[in-house]
Each structure stands twice: as C-alpha cells, then as structure tokens.
Amino acid sequence: MNITIRKVIKYAIIIVAVFPSFFPIYWMVSTAFKPPVEWVPKEPILFPHNPTVENFAIMFDPKAASYTSTTTIREPINLALQNSLILSIGGTILALFCGTLAAYAISRFKAGGDILPQMILMFRMMPPIAAIIPITIMFAAFRWVDTHIGLIVLYRLFNLPLVVWLMKSFFDEVPKEVDEAALVDGWSYWGTFRRVVLPLTYTGMAVTALLIYTLIWSDFLVALIMTNVSAYTIPVFLANYSAAYGELYGPLAATGTFAIIPPVVLGLAIQRYLVRGFTFGAIKR
Amino acid sequence: MDCVAVKSLTKKFGEVTAINNLSFECREKEFLYFLGRPGAGKTTLLRMIAGLEKPTEGEIYIRGNLVNNVIPSQRDVAMVFQNLALYTGWTVYDNIASPLRAHNVPKSEVGGRVKEVAQLLRIEHLLDRTPVTASGGEKQRIAIARALVRRPQVYLMDEPLSNLDALLRLNMRVELKRMQKELGQTIIYATPDQLEAMSMADRIALMHRGDMHQLADPETVYVHPATKTVASFIGSPSMNFVEGSVSGAGGKTILDCGAFKLDISKFGPAIGAMAAGSELTLGVRPEHLSVSHEKIAAESLEATVIMEEPLGSETILHMKIGKASLNAIVPPNFETIYGEKVWTSIDINKIHLLDPKTEKVLV
Amino acid sequence: MVSLKAIKGLSNDVEKFPTIMMMPINILLNLIAIFPLFILVYAAVTNWSPSTGVWFKAHIIWGGNIIRMAEDNVLQYALLRTVGMVAVATTLEFLFGLVLALLFVEEFRGRRILVSIFLLPMMVIPAISGFMFFMMFQQHGPVNRVFSILTGMPFALPWLNDPSYALVSTILMDVWQWTPFMFLILLSGLLALPADPINAARVLGASELTIFRRVTMPMMKTIITIALVLRSIECFKLMDGIYIMTSGGPGYSTQTISMWIYEAAFKYLDYGYVSMIALTLFISLGIISWFAIKPLRGG
C-alpha cells in the first residue's frame, strides 16, 4: 500500500478516535459553564451560549444561585474538599513512608524472602469490597468510622503494595555498588539509605507520591462505605447530590470538573511512569 | 607488622567455592597485586577484606586485629570499585568529602582535606560539578580521591583502570605508582592485566579459580613460575608448552618430544629420579628461542614457518616442529615466507620442565 | 524507651537493619490486614447480621452460607453479568487499544500530545465518569443527538431506562475509561520490543501483516497476558461509575458483583453470608493471581 495513503488513513483513524475520547469530558466541562436554561434544551448545545461561572460559585456557596429553586444544592463542597485533601495528603505521606522503608529492605536485603513480596502483590489484587466488612467491624470497635485517622490508615493499607513495588523498582535501578561504597566510606546502613541512596530516587518518590495521591483522591467505594457526615470526600459528595438532585446538571457538572482537575493534571505529569506502576515494575518505558 | 593477613580463608557461594583455603600476608607500604583471569576470585577476596562479604571459613587480620566481625565502616579500609560507584546525585566535593562526613570529622577540617587531595590528583576544577559531567579519567581520579582522603590502613582497588582507554590507562598507572611511593600507602590491587601487574607490583599474587598459585615479586614470577597457570599467564606472548616423555640413553636423560629430543641431564637432580616413559612437559618462552635461516648450532632444530605477526618493534614467528607448535620472537627485519624451513635453537638454560599431572614447575 | 545508641547500633547490624525497616509495614499488615482476615473467616461460617446481635454471639452455621451461595440466583446472575460485561469490555478495549498502539509505534508529528489526549479518559475519576455518562446518555442528551445528526433520523434510545441498553451503556463507559489503559501497556510493550527480529523479517521480504502475526505478536505474549489479567482482576472491583450512572438499574440489569455485595452487606446487613462470598472471592482471586504473577516474579 502506498505510504501516503497509509498515512492519511492513519491520521483519519486517529482523528476519528480522538473525538469520542475527548467528548464526554468536554461535555461535562461545557455543561459546567451553562446557565440552567441550557441544561436540558430541546436540542443539546455544544457550546454554551451564555457561559457563566455561577455553577462553580454555587459549589462553594449555595446561596449564590441566581435562580431560585427549591432544589438547589444545600451544602457547599468545602467540607468534602477539605476531607479529600486531608485524606489524600495524609494517606500518601504515610503510605510512602512505610512503603519506601520496606521497599529498600526488600531491594537490598531481600527481606521477607520470596513470600512477602508475593503476599504484598496479592493484597493489591484483592477487591476492597471483600475486605471491607471485617474492617468495618474493627473500625466500629475502634471508633474509627467516619474519622480521618481511620480512613488514612485504610488508604495506606490499600496503596502500600503499589508503593512497595514502585519504589522497589526504583531502588533496584541504583547499583548495589553505591551502597557498598557508602558502607566502606563509613556510613551506617541507615546513613547509606537516607543520605546516599534515597536522594537518588527522589524522582521515583515524587512519581509514586503523585500516583498514590491520585488514587486516594479518586477513590469512591471505600469512602462511600466508611464515611458518613464528617469525613466524606468529593466523589461521595457528588454521588449523594447526584442521587438527590439529579437534574441539577450545572452545579453537578461543575463539581465533577473541579474534582477531576488534580487527577488529570497529575496523571499527565507522571504518564511516563504509569506503565511501571500498573505492571509492578515489569515494564519500564 | 603485616598490614593485612589472611589465614585459611575459604568462601563458598552455595556449591561453588570461590576462594579455597587461602593464606597470605600483605606487607606495609606494599603494592600487592591480585592477578588472574575473570572469575579467579580476586574481587571476592577484596570484598572480604573490605567487609562486604563474610568468609565461610578462615580469618582476616588488619594490622594484627581480627576483623571477621567488624563492619566495613570500622575496618579503616578504602575501596575503589570497578565501576567506580560514584554518588551521582552529589557534587564532586561531596563525593570526596563523604568518608569524612560519615566519620563525623569536624566541618572545619573537611574542606582542607578535600582540597588537598583534589590538588594532588589535579581535579580541583571539578569540585563544584556533579560526576556525570566528568570524563572517564576524571571520574577515576574522583574515585581515588574519595579513597585517599581518609588515609586508611589499606587501599583496595578492584580493576579501577579497566574502563579507561589504553593510553589513559598507561598514564594512570604511572600516576598510581608514583603516588604510592610518595605517600607510602599499602595498596592491594586486582587486575587481569599481567603487563600492568608486572610493571607496577611489589609482589604479585596469582589467582586461579580460587587458589593462589604463587605469591612473589615480578621477577621471580617471570623467571621461576610455580605452576603452569602462572607460567602461561605471565609474559606476552605466552610461553610455549610441548609434551614429552623421559627416556634414558647412554647415562643421559633425554626428553623425547616426538618431533625432537632434548638432553636434560643437567636437570637431573631437580627432577629427581624419573622412570623411563614418564611424562614431562617442556616450557620455553618465545624470547628464549632464537631463529635463523641456516643451521648455526648443532642442537638447532628444523621448523616450518606457519605465520608471522609483525608487531613493529619485533615479530612473533609461529612455527611447527612435527606436531608441536612453537612461537618465537624475532627481530622485525627477519624475512620469511609461509612454509619456509628455518632453524631454531632453544636456550637450554632458560627452559622449564613441568609435571603434566600436578602442573607444577620443577625447574 | 529505646535509647538512641541502641538504635544506632542496630543501624549498623546487617541482620537487624532490614527488620527495622520492615517494622512499620509489618505492624500495619498484622493489625489491619491479618486480624480482619480472621474475623472474615469467622463471620463466613456464621449467619451473623448486626441486626440480630453482637458478632461474637452469632450462630455458627458452618457450610450453610456456601449452600446458600449455590442456590442464590440473584448472586449468580450478578456474577455472570459481571463476567459477561468484563469479557465484552476487555475484548473491545484490547482491540481498540491494540489498533491505537500499532498506529502510535512510529514517530509522527504531534505524537506526544495525542498520546496525552488519548490517556485522558483513564485519568478521570471513575465515579465522575459515571456522572459524565449519566448526563450524556439521557434520552434528550448529546449521544442521541449526535447519532441523529449522523444518521439523519431521529434517535431516541433509552440508554439508561431500558435494561438491555443500560447494560450496553455500562460496557461503553468501561471501554471509554479503560481503553487508554490497554493502549498504554500495549504501546509500551511494542516500543520495548527488540527491533532486530522485526527488521530481519522485513529484510527477508515478509509482508507487514505476516510480520505482525508471526513475529510481533508472539513476542508480545507476556505483555498481553499481563494486561488481560490485570484488567480482568479489576473487573471484580467494577462499581464506582456504574453505581452513579445507573445504581444497578433499571431493576438489577446492570448490577455487578461488587454492587451486589455492597447492597447485601450494607442495605440488608447480611454480614455472615457476605463474608463467605468475600472469602471465596479472596481465595479464588488469590489463586489466580498467584499463577498469573509467577512469570512476572520469575524474570
């Protein structure tokens, strides 16, 4: 087949494929800017005729709605936002701490032999739903339900396997001789870890942190089950009000847009490393 | 006092024996070379002295102290690795200062010592950069500086020059030797390059598959190799070996090599009584064979030319006498063609006789 | 407590150091993971429900839950439904992802940007994409509208209101969300392939199609297996988007196994029964993943 024709076909397919990839996101974002009258028109409008930022304002302050309606969203997103931030940041830091230490031990000392890494892997495979019930019981006993602590601990648990595997692959990239040189120089094992090897993996750590942050931020199921009125996160917030006020496309779309900004931004930032994370370090692009 | 002493040292990795019951001492201010092929056990030995590997059996002493259970940072040794293992995230200054900082040397002192060493190795201009930007030779010197700055008891170097190009390697060799003499350091150095060892070592320890075949100064190793391994390893081009058997005729001991015979009566006492027919291997270095186009001496042997390797300053001549292959060194202007018959004589005072079974050199 | 010197001493001991490093993770695992596992096993053999009493006073019925599982139609339908959804979705994702990956193997202008655009769907929170598609699949929504424009006929499919269409919608949503995943992994796999065998085949005159079938694909076997296994295991977690988009409806037509468990556990409070199901899931997934991961660990 002629090279140019192939190129044309190739570009054609790609352009055709881009459209459905992008469209849903575009639709939601554009709806977020639409005034109420454009939400459910006779014919869907592609581009808001009268763009407004009111929907976003309503998110933070329900009384800002210029339209009066008995079914405006009654609560601002503030609490959900705060919770999402706290849980994402807290969970990330703790998971990173535990996981990095363990990853170093596994990488350099083969800690846990062959079994432990395998077990950690298996935890990743487990659907959270299966583990949730006994955890609910335990948390009820500790009074950890609907608290920041409880959720951070839980998120840390679920994300540990990923942290361990990612960081292990980063540690594996630092040649063992560097450790040995440091030891001979006079550093202790901890000193070698903290001063010499760890700095070499700062990029890897940053990537892992961003990935975990995104995962916690995006989590829905765990938050749904384990939070109630004080610790609910943004996805739960959205679900609740979608169920309650489903027709309010505008504000809900605004919430959705707002919610996906961090994951999209962070995801794009670390896309080079995504493959490594998904395949447990087996493939490095 | 010996700087480093090793007794009955054995190291096994699972089924494989890397080091087999070794004992030796390295003297103060000595430049000791571990010479051997890859896999001989040189690196393992160095690592055990440094404390990075634990011996399966045996003891290691540094300056008289048993250090088997002492961790590397407290053994007061410095090591230069084959792949240098520089800290890529740190500046060169930090790299060199690392051992000082690890031992909590006061900050005021660190700066001075680092600069001193950097000056010695002429890398001061690199101090603020990261090692990635340095050239091969410069990286080498950074690694050496890092080892030097501490003034440890003994320096361990594992093929530090192997990643450099040939010319740079020669220069660095000279530098190292000069430095060692000037500063009076004790260095244990591992290399597979026998030229390097011969030119720089005070003593050479030849290792092969975990055994130490000989420990002696370069001249001894060259003139009196202990085993066939040593004999074939040292010297370039390497020694010729011809198998033969002993026979007695008319009160003389003759070595029958098939294509030719040699009178080895004068070595009688050295080889002891040998029954007729017992096997003996002849070893003779190419530099000890002289070749000419005419039969000059009575004992000259006739050989056929197989190939010439002109090296510039000399030529290696590959010959065959019957089934035996021999190489000889001839002057560069020696003209010959393939298949030509030439005459070669063996310098009988410089030959070696080896027991084929034990591979020990008897003469 | 522990003195600084002691810690420093441990820091130098090659035996103790890794143990200390592993301590935080060990504590966490033991506390939060192992202990609940015991509770899970215990609960699995009871018919406990919080509405009927405290957990340590529950009635042990041993294999009763297993029998119930075997007879539970709704559960089985949910399971089958989930498996079916995943099979269809994964196949589509694989095909689309492969086509895209093949197109992207060679450098061309704008490749970087286009890759980023194609990766976008994957980065959207699944829950949010549930909402997005909820909006889009409305009867008077953009999807119908677009089809109307394209085909010239009025299009008013009841995407979310009809059981069969709802199922299709969920599959579409999943394909939209996770095709980039396949795309990314397959592309990385393709890029990581050694060029020599392919070039050699080309020099020998094989056609592109043959090269693809005989040379490229066999080399990709590991990657493809990994991708498929990963995606399939994720299927048991399929819930976020669907929950928001259809809540399992209309009726039960889009209920996945995860949603079923959620409902049984938190709406009907059937803890004992659900524990048994969870345990079964855990064990079977564990076994599958053990075998699937072996090649990864080996090399």
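Residues numbered from 1 in each chain as written. Chains lettered and ligands numbered in written order. Predicted model: local features only at pLDDT ≥ 70, side-chain atom pairs only at ≥ 80, totals over all residues. Heavy atoms only, no water.

A word on the overall build of chain C
Logical step 1: The helix and strand inventory of chain C stands at 14 helices and zero strands.
Logical step 2: Ordering the α and β elements of chain C from the N terminus gives α-α-α-α-α-α-α-α-α-α-α-α-α-α.
Logical step 3: Out of the 299 residues in chain C, the part that is buried amounts to 51%.
Logical step 4: Taking the contacts inside chain C whose residues are at least 6 apart along the sequence as the reference set, 64% of them involve residues at least 24 apart.
Logical step 5: Put simply, chain C shows about 14,600 Å² of open surface, and 69% of that area lies on carbon and sulfur atoms. (Helix = DSSP H or I, 4+ residues; strand = E, 2+ residues; numbered from the N terminus. Buried < 20%, exposed > 50% of the residue type's maximum accessible area, 1.4 Å probe, protein only. Contact = heavy atoms within 4.5 Å. Areas by Shrake-Rupley, 256 points an atom, 1.4 Å probe, with all protein chains shown as cover.)

Section: the interface of chain A and chain C
Logical step 1: With 91 residues of chain A at the contact, the number on the chain C side is 86 residues.
Logical step 2: When chain A packs against chain C, the two sides together hide about 8,400 Å² of surface, and 83% of this comes from carbon and sulfur.
Logical step 3: At the surface where chain A touches chain C, the tally comes to zero salt bridges.
Logical step 4: Across the contact surface, chain A and chain C share three residue pairs in polar contact (both at pLDDT 80 or more).
Logical step 5: The greatest single-element share of the side of chain A that touches chain C, amounting to 16 residues, is contributed by helix α1 (residues 3–32) of chain A.
Logical step 6: Residue composition of the side of chain A that touches chain C, by class: 72 nonpolar, 12 polar and seven charged. (Buried area = accessible area lost by both parts, 1.4 Å probe. Salt bridge = Lys/Arg side-chain N within 4 Å of Asp/Glu carboxyl O. Polar contact = N/O pair within 3.5 Å; in protein donor to acceptor, adjacent residues only side chain to side chain. Nonpolar A, V, L, I, M, F, W, Y, C, P; charged D, E, K, R; others polar.)

A closer look at the sheet that holds strand β5 (residues 65–66) of chain B
Logical step 1: Strands sit in the order β2-β1-β4-β5 (chain B) across an open sheet of four strands; the sheet is antiparallel. Every interior strand has two partners, whereas the edge strands, β2 (16–26) and β5 of chain B, have only one. (Pairing = 2+ DSSP bridges.)

Details of the pattern of salt bridges
Logical step 1: Evaluation of the coordinates by the stated rule reveals 16 salt bridges over all chains.
Logical step 2: The partner of A:Asp179 in a salt bridge is A:Arg108, and the shortest N-O contact between them spans 3.0 Å. Remark: A:Arg108 occurs in helix α3 (residues 78–109) and A:Asp179 occurs in helix α7 (residues 176–185); sequence separation between them is 71 residues.
Logical step 3: Residue classification places A:Asp179 among the buried residues on the basis of a relative accessible area of 8%.
Logical step 4: Between B:Glu116 and B:Arg151 there is a salt bridge; the shortest N-O distance is 3.7 Å.

Overview of the confidence of the model for chain C
Residues and elements named next belong to chain C.
Logical step 1: Of the residues in chain C, 83% have a pLDDT of 70 or more, and the chain-wide mean is 75.
Logical step 2: Confidence, read as mean pLDDT per element, is least for helix α1 (residues 4–12) in chain C (53) and greatest for helix α4 (residues 73–104) (84).
Logical step 3: This complex was scored by the predictor with a pTM of 0.78 and an ipTM of 0.77. (pLDDT = per-residue confidence, 0-100.)

Re the packing of aromatic side chains
Logical step 1: For the structure on display, the rule yields 21 aromatic pairs over all chains.
Logical step 2: Taking the centre distance of 6.1 Å and the plane angle of 35° together, the rings of A:Phe23 and A:Trp27 count as tilted. Remark: A:Trp27 and A:Phe23 occur in helix α1; sequence separation between them is four residues, near one turn of the helix. Here the two residues A:Phe23 and A:Trp27 agree in accessibility, since each one is buried.
Logical step 3: The structure contains a cluster of three or more aromatic residues connected by ring pairs, namely A:Phe19, A:Phe23 and A:Trp27.
Logical step 4: Sitting above the plane of the B:Phe241 ring, B:Lys228 keeps its charged end 4.9 Å from the centroid.
Logical step 5: One residue, B:Arg285, lies across the ring of B:Tyr222, its end atom 4.3 Å from the ring centre. (Phe/Tyr/Trp six-rings, centres within 6.5 Å; stacked < 30°, edge-to-face > 60°. Lys NZ or Arg CZ within 6 Å of the ring centre and 35° of its normal.)

Overview of the sheet that holds strand β15 (residues 289–292) of chain B
Residue and element names in this part refer to chain B.
Logical step 1: Spatially, five strands are ordered β15-β19-β16-β17-β18 in an open sheet, and the strand pairing comes out antiparallel. Bordering the open sheet on either side are β15 and β18 (324–330), each of which pairs with just one other strand. The sheet shows a mean angle of 45° between the axes of neighbouring strands, taken without regard to direction. (Axes fitted to C-alpha atoms, helices over the stretch in contact; angles between N-to-C directions.)

Quick word on the nonpolar core
Logical step 1: Counting 221 residues, the largest nonpolar core has B:Phe34, B:Leu156, B:Ile188, C:Phe104, C:Phe131 and C:Phe183 as the members making the most contacts within it.
Logical step 2: The greatest single-element share of this core, amounting to 15 residues, is contributed by helix α6 (residues 148–173) of chain A.
Logical step 3: In contact with C:Phe131, not counting residues within four places along its chain, are A:Met28, A:Leu238, A:Ser242, A:Tyr249, A:Leu252, A:Ala253 and C:Ile244.
Logical step 4: If you look at the next biggest cluster of nonpolar residues, it comprises 47 residues, including B:Val80, B:Leu127, B:Ile142 and B:Met157. (Core = buried A, V, L, I, M, F, W, Y, C linked by side-chain atoms within 4.5 Å.)

Focus on the domain arrangement of chain C
All names here are of chain C.
Logical step 1: Here the domain parsing of chain C yields domain 1 (2–44) and domain 2 (72–298).
Logical step 2: If you look at the interface, domain 1 gives five residues, while domain 2 gives six residues.
Logical step 3: Of the roughly 470 Å² buried where domain 1 meets domain 2, counting both sides, 82% is carbon and sulfur surface.
Logical step 4: When residues of domain 1 are sorted by the area they lose upon contact with domain 2, Leu40, Ala43 and Ala44 head the list and together hold 76% of the total. (Domains from an automatic or database assignment.)

Some thoughts on the pairing of strand β14 (residues 279–284) of chain B
The two faces of a sheet get side chains in turn, since along a regular strand they alternate between them.
All names here are of chain B.
Logical step 1: Taking burial as the measure, the six residues of β14 include five buried ones, the bulk of the element.
Logical step 2: Pairing of β14 with strand β20 (residues 352–354) involves three bridges; the strand directions are antiparallel. Its bridge partner lying in β20, Gly283 is registered against His352.

Digging into the pairing of strand β10 (residues 211–216) of chain B
Residue and element names in this part refer to chain B.
Logical step 1: The pairing of strand β9 (residues 203–208) with β10 spans five bridges and is antiparallel. From the neighbouring strand, Leu206 faces β10, where its bridge partner is Gln214.
Logical step 2: Here β9 folds back onto β10, and the loop between the two strands holds two residues, one of which, Arg209, carries a positive phi near 50°.

Quick look at empty space enclosed by the protein
Logical step 1: Applying the stated criterion across every chain yields a total of seven cavities of 30 Å³ or more.
Logical step 2: When its volume is computed, the largest cavity comes out at roughly 1,200 Å³.
Logical step 3: Looking at the largest cavity, it is lined by 50 residues, and the ones nearest its centre are A:Leu215, C:Pro126, C:Trp178, C:Glu234 and C:Lys237.
Logical step 4: With seven residues, helix α8 (residues 163–192) of chain C is the single largest residue contributor to the lining of the largest cavity. (1 Å grid on protein atoms, 1.4 Å probe; cavity = no way out; pocket = protein on both sides within 12 Å on 5 of 7 lines; lining within 4 Å. Points joined across faces, edges and corners; volume = space filled by probe spheres on them.)

Some points on the packing of α1(A) against helix α5 (residues 111–123) of chain C
Logical step 1: One can describe the packing of α1(A) onto α5(C) by two numbers: an axis separation of 8 Å at closest approach and a directional angle of 45°. Between α1(A) and α5(C), the angle falls in the class oblique. Crossing geometry of α1(A) relative to α5(C) is assigned as left-handed. Two secondary-structure elements touch here, α1(A) through A:Ile14, A:Ala17, A:Val18, A:Ser21, A:Phe22 and A:Ile25 and α5(C) through C:Leu114, C:Ile117, C:Phe118, C:Leu120 and C:Pro121. (Parallel < 35°, antiparallel > 145°, perpendicular 65-115°, else oblique. Left-handed = near helix turned anticlockwise from the far one by under 90°.)

Looking at the layout of surface pockets
Here the idea is plain: a probe the size of a water molecule rolls over the atoms and shows the empty space left.
Logical step 1: Taken as a whole, the largest pocket encloses approximately 1,200 Å³ of empty space.
Logical step 2: Forming the walls of the largest pocket are 28 residues, and the residues nearest its centre are A:Arg6, C:Leu102, C:Glu106, C:Arg202 and C:Glu208.
Logical step 3: Sorting the residues of the lining of the largest pocket by element identifies α1 of chain A together with α4, α8, α9 (195–203) and α10 (208–219) of chain C as the ones contributing at least two each.
Logical step 4: If you tally residues by element for the lining of the largest pocket, the top one is α1(A), at seven residues.
Logical step 5: Within the lining of the largest pocket, the residues separate by chemical class into 19 nonpolar, two polar and seven charged.

Concerning a nonpolar patch on the surface
Logical step 1: Taken together, A:Ile5, A:Ile9, A:Ile13 and C:Val99 make up a surface patch of nonpolar side chains, about 310 Å² in accessible area.
Logical step 2: Here the nonpolar patch gets three residues from one element, more than from any other, and that element is α1(A). (Patch = residues over 30% accessible without salt bridge, like charges linked within 9 Å, V, L, I, M, F, W, Y side chains within 5 Å.)

Looking at the domain arrangement of chain A
A common measure of how large an interface is: the accessible area buried when the components associate.
Residue and element names in this part refer to chain A.
Logical step 1: As assigned here, chain A comprises domain 1 (2–64) and domain 2 (78–278).
Logical step 2: Contacts between domain 1 and domain 2 engage 12 residues on the former and 14 residues on the latter.
Logical step 3: Summing both sides of the interface, domain 1 and domain 2 together bury roughly 1,100 Å²; the carbon and sulfur share of this comes to 82%.
Logical step 4: The tally of links from domain 1 across to domain 2 stands at zero salt bridges.
Logical step 5: Seen at the junction of domain 1 and domain 2, the total is zero residue pairs in polar contact (both at pLDDT 80 or more).
Logical step 6: Elements represented by at least two residues in the side of domain 1 that touches domain 2 include exactly α1 and α2 (54–60).
Logical step 7: Classifying every residue of the side of domain 1 that touches domain 2 gives 10 nonpolar, two polar and no charged.

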